[in-house]
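Structure at a glance
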Amino acid sequence: MIRYVSTRGNEEKITSSAAIIRGLAPDRGLYVPDSIPFLPRSPKDLADMSYKDVAKIVMGAYLTDFTDDELAVCADKAYDSKFDTYTIAPVVKTEKGFFLELWHGSTAAFKDMALSILPWLLKTALKKEGEDKKIAILTATSGDTGKAALSGFADVTGTEIIVFYPKDGVSLVQERQMVTQTGKNVHVYGIHGNFDEAQTGVKNVFNDTKFAEKLAGKNIRLSSANSINIGRLVPQAAYYINAYKTLLENGDIRDSEKINICVPTGNFGNILAAWYAKQMGLPVGRLICASNENNVLTDFINTGVYDRRREFVLTTSPSMDILVSSNLERLLYHISGSDSERVGGLMTGLEEEGFYDAGSAAKGALKDFYGGCAEMSVSHKALAKLWQEDRYLIDTHTAVAYAVYLEYLAKSEDRTKTLIASTASPFKFAGSVASAIGVKIGEDEFQTIRNLQKDTGLRAPKPLSGLEALPVLHENVIDKADIESAVAGSLL
Ligand SMILES: *Cc1c(COP(=O)(O)O)cnc(C)c1O
């Protein structure tokens with residue numbers, strides 16, 4: 001039986017269902033499993049299983065209070081025809097590496113892998129814990145998470161989903177994805193303000209205990225869908241294990257052969273899932289952590305010092321424009337031997353002074369990782385070269401990973417086969433991708449998508465190409481001071 005404990009140590013151990021319902025621990029730590037389970041089956045024994053079955057087995061190792069049947073229902077609801085390939089997360093072989101495409105779901109980016117299943121895990125968890133309150137998910141988004149959460153939670157009974165986005169801070173495609181979302185329980189608001197202001201407004205609602213009481217009186221509980229929820233992390237370990245099984249099936253690796261995994265990183269959720277897979281016994285060598293100009297993690301891996309006191313750079317890989325990578329707290333907890341006091345101290349240092357030094361012991365424990373960063377000019381060049389030489393098109397986030405991987409190849413003797421996480425369809429960031437490979441930019445993003453289709457002969461995923469024709473259903477734009485009243489208006 002695996003229980004969940006807060007990284008800051010001030011809370012009781014709870015079941016995975018309770019941890020999924022809570023999201024963040026009351027002491028503001030993150031929930032982690034009190035032990036990391038071993039792979040229930042070797043990758044060889046997963047041969048010919050569907051993605052759903054692999055996901056069910058991997059999740060079952062962590063979510064031990066869920067029954068097999070419950071997990072089967074969740075996996076069935078999540079990994080269905082919303083994905084445009086029945087393999088769900090295919091692996092594509094190129095000259096230099098294997099790309100794990102995590103963007104075949106309803107928003108064409110990797111957040112779908114976890115946000116398609118989180119609503120079902122949450123709904124099951126509520127039932128198991130005997131919680132009869134309606135759950136209202138509040139999310140501030142800079143683009144990708146909002147739509148993935150909307151489409152995951154749309155029409156899931158017992159939930160409401162409310163998303164706030166900066167009216168002038170997301171791309172046309174991202175905005176259109178959100179404001180065309182259907183569903184009886186869906187609420188979308190543009191904010192006059194930037195992402196940080198939207199985020200702060202949402203945090204204030206969470207911290208307003210009076211408001212929480214008022215909602216409780218109406219049998220409603222607020223929750224969040226961001227990547228600190230353990231219910232998002234666990235389903236992510238599944239695709240690395242499924243990818244290993246796919247490489248085996250295709251004869252690309254031998255049984256037990258080690259692979260490296262390279263991940264374009266922002267909040268450290270995706271790469272942490274790969275680390276969990278390695279701890280579970282998946283044959284993984286190095287974890288290559290790729291950053292853009294916001295290279296806090298590169299420095300951390302190389303020095304053991306985490307320092308967010310630096311300029312925030314807006315890049316063409318916006319989902320990686322992050323200076324505080326929340327999920328790193330979980331890694332710190334595990335590599336410090338579950339020393340929650342120490343983790344709490346480091347996090348306080350980060351909040352109050354903007355940095356911490358994890359010390360030499362942590363630095364030693366980070367040797368599984370290679371940290372590298374690539375500037376836009378470098379990653380765009382890598383993207384263009386891959387397209388010209390291999391006719392394989394990647395998006396700008398994946399391009400950061402590919403560029404860092406090429407740097408790793410140039411610097412090290414390590415020739416271990418490498419799986420590169422591909423986190424978005426190139427059509428999702430059509431403007432940057434088009435300019436990287438010399439395709440004409442259109443008058444708007446939809447025109448650019450068409451130009452990119454025409455010049456590359458590739459097809460944009462349906463959720464993107466069909467977007468222009470969909471009716472706009474949400475036109476509310478509010479002041480940032482009115483976030484709480486918008487929540488009240490949506491729920492009460
Ligand atoms: C969220 C996101 C990332 C970063 O993933 P983390 O788990 O936050 O490290 C990378 N690429 C894309 C396209 C994303 O949406």
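Description of the structure in this document. (Residues numbered from 1 in each chain as written. Predicted model: local features only at pLDDT ≥ 70, side-chain atom pairs only at ≥ 80, totals over all residues. Heavy atoms only, no water.)

Observations concerning the overall build of the chain
A count of helices and strands for the chain gives 21 helices and 15 strands. For a compact globule of 492 residues, the expected C-alpha radius of gyration is about 23 Å, and the chain comes in at 21 Å, within 12% of that figure. Along the first, second and third principal axes, the C-alpha set of the chain runs to 60 × 55 × 50 Å. Restricting to contacts in the chain with at least 6 residues of sequence separation, those with at least 24 account for 75%. Split by element, the accessible area of the chain, about 19,600 Å² in all, is 48% carbon and sulfur. (Helix = DSSP H or I, 4+ residues; strand = E, 2+ residues; numbered from the N terminus. Rg over C-alpha atoms; globule rule 2.2 N^0.38 Å. Contact = heavy atoms within 4.5 Å. Areas by Shrake-Rupley, 256 points an atom, 1.4 Å probe, with all protein chains shown as cover.)

A few points about the sheet that holds strand β14 (residues 418-422)
Pairing in this open sheet of six strands is mixed, and the strands run β3-β4-β14-β9-β10-β13 from one edge to the other. Of all the strands in the sheet, just β3 (91-93) and β13 (369-373) have a single pairing partner and so form its edges. The average undirected angle you get between the axes of adjacent strands in this sheet is 25°. As paired strands, strand β9 (residues 259-264) and β14 are joined by three bridges and run parallel to one another. (Pairing = 2+ DSSP bridges. Axes fitted to C-alpha atoms, helices over the stretch in contact; angles between N-to-C directions.)

Looking at the side chain of D27
Considering the arrangement of structural elements, one finds D27 in the loop between α1 (16-22) and β2 (31-33). Here D27 sits buried without a salt bridge, and the closest side chain of opposite charge, R8, lies 5.9 Å off (N-O distance). One polar contact links D27 to S6, side chain to side chain, over a distance of 2.7 Å. Among all residues touching D27, those that are not within four sequence positions of it are S6, R8, G9, N10 and E11. (Buried < 20%, exposed > 50% of the residue type's maximum accessible area, 1.4 Å probe, protein only. Lys, Arg positive; Asp, Glu negative; His and termini not counted. Salt bridge = Lys/Arg side-chain N within 4 Å of Asp/Glu carboxyl O. Polar contact = N/O pair within 3.5 Å; in protein donor to acceptor, adjacent residues only side chain to side chain.)

Things to note about helix α19 (residues 445-456)
Between its first and last C-alpha atoms α19 spans 16 Å; for twelve residues at 1.5 Å apiece the expected length is 16 Å, and the two agree. The distance from a side-chain oxygen at the start of α19 to the backbone nitrogen of F446 is 2.9 Å, and the residue carrying that oxygen is D444. One or two positions beyond α19, positive phi appears at G457, with a value near 75°. (Expected span 1.5 Å × (residues − 1).)

Points about the site of the ligand
Around the ligand, 15 residues are found, and the nearest of them are K111, G266, N267, N270 and T423. Residue K111 places a side-chain N or O atom 2.6 Å away from an oxygen atom belonging to the ligand. A distance of 2.7 Å separates an oxygen atom of the ligand from a polar backbone atom of G266. Look at the ligand: alone it shows 380 Å² of surface, and the protein chains cover 97% of it. (Near = heavy atom within 4 Å.)

With respect to the packing of aromatic side chains
Following the criterion strictly, the structure yields 13 aromatic pairs and no others. Note on Y62 and Y276: the rings are 6.0 Å apart at their centroids and 80° apart in plane angle, and the pair reads as edge-to-face. Here Y62 is found in helix α2 (residues 51-62), whereas its partner Y276 is found in helix α11 (residues 269-279), with 214 residues between them in sequence. The exposure classification of Y62 matches that of Y276, with both residues buried. Consider the rings of F300 and Y306, whose centres lie 5.9 Å apart with planes at 65°: the pair is edge-to-face. There is no split in this pair, since F300 and Y306 are both buried. (Phe/Tyr/Trp six-rings, centres within 6.5 Å; stacked < 30°, edge-to-face > 60°.)

Some thoughts on the nonpolar core
Side chains that are nonpolar tend, in soluble globular proteins, to be buried together. Membership of the largest hydrophobic core comes to 113 residues, with the highest contact counts inside it found for L63, Y79, Y240, Y356 and L419. Top element by residues in this core is helix α10 (residues 230-249). It accounts for twelve residues. Ignoring sequence-local partners within four residues, the contact set of Y240 consists of L100, I261, V263, N270, A273, A274, A277, L282, L419 and A421. Residues I288, Y392, A401 and F427 belong to the second largest nonpolar core, which totals 40 residues. (Core = buried A, V, L, I, M, F, W, Y, C linked by side-chain atoms within 4.5 Å.)

A short note on the sheet that holds strand β15 (residues 477-479)
With parallel pairing, five strands are arranged side by side in an open sheet as β8-β5-β6-β7-β15. The open sheet has two edge strands with one neighbour each: β8 (220-223) and β15. Adjacent strand axes in the sheet meet at a mean angle of 30° when their direction is disregarded. Direction of pairing for strand β5 (residues 134-140) relative to strand β6 (residues 159-166): parallel, over a ladder of six bridges. Each bridged residue has a counterpart across the sheet, and for A136 the counterpart in β6 is E160. Helix α6 (residues 144-153) rests against β5, β6 and β7 (186-192) of the sheet, and its axis sits at about 165° to β6.

Observations concerning the pairing of β6
Each regular strand shows side chains that alternate between the opposite faces of the sheet. With eight of its eight residues buried, β6 lies for the most part within the structure. In β6, alternate side chains face the same way, and those of T159, I161, V163 and Y165 on one face and E160, I162, F164 and P166 on the other are all buried. The β-α-β motif built from β5, the intervening α6 and the parallel element β6 has right-handed crossover chirality. Pairing between β6 and β7: six bridges, direction parallel. The residue bridging I162 from the neighbouring strand is H187, located in β7. Each parallel crossover has a hand, and for β6 linked through helix α7 (residues 172-179) to β7 it is right-handed. (Right-handed = clockwise from strand over helix to strand, strands pointing away.)

Re unusual backbone geometry
One non-glycine residue, A108, lies in positive phi territory at about 65°. As for its position among the elements, A108 is in the loop between β4 (98-101) and α4 (111-115). A positive phi angle, near 75°, is found at S256, a position not held by glycine. Relative to the assigned elements, S256 resides in the loop between α10 and β9.

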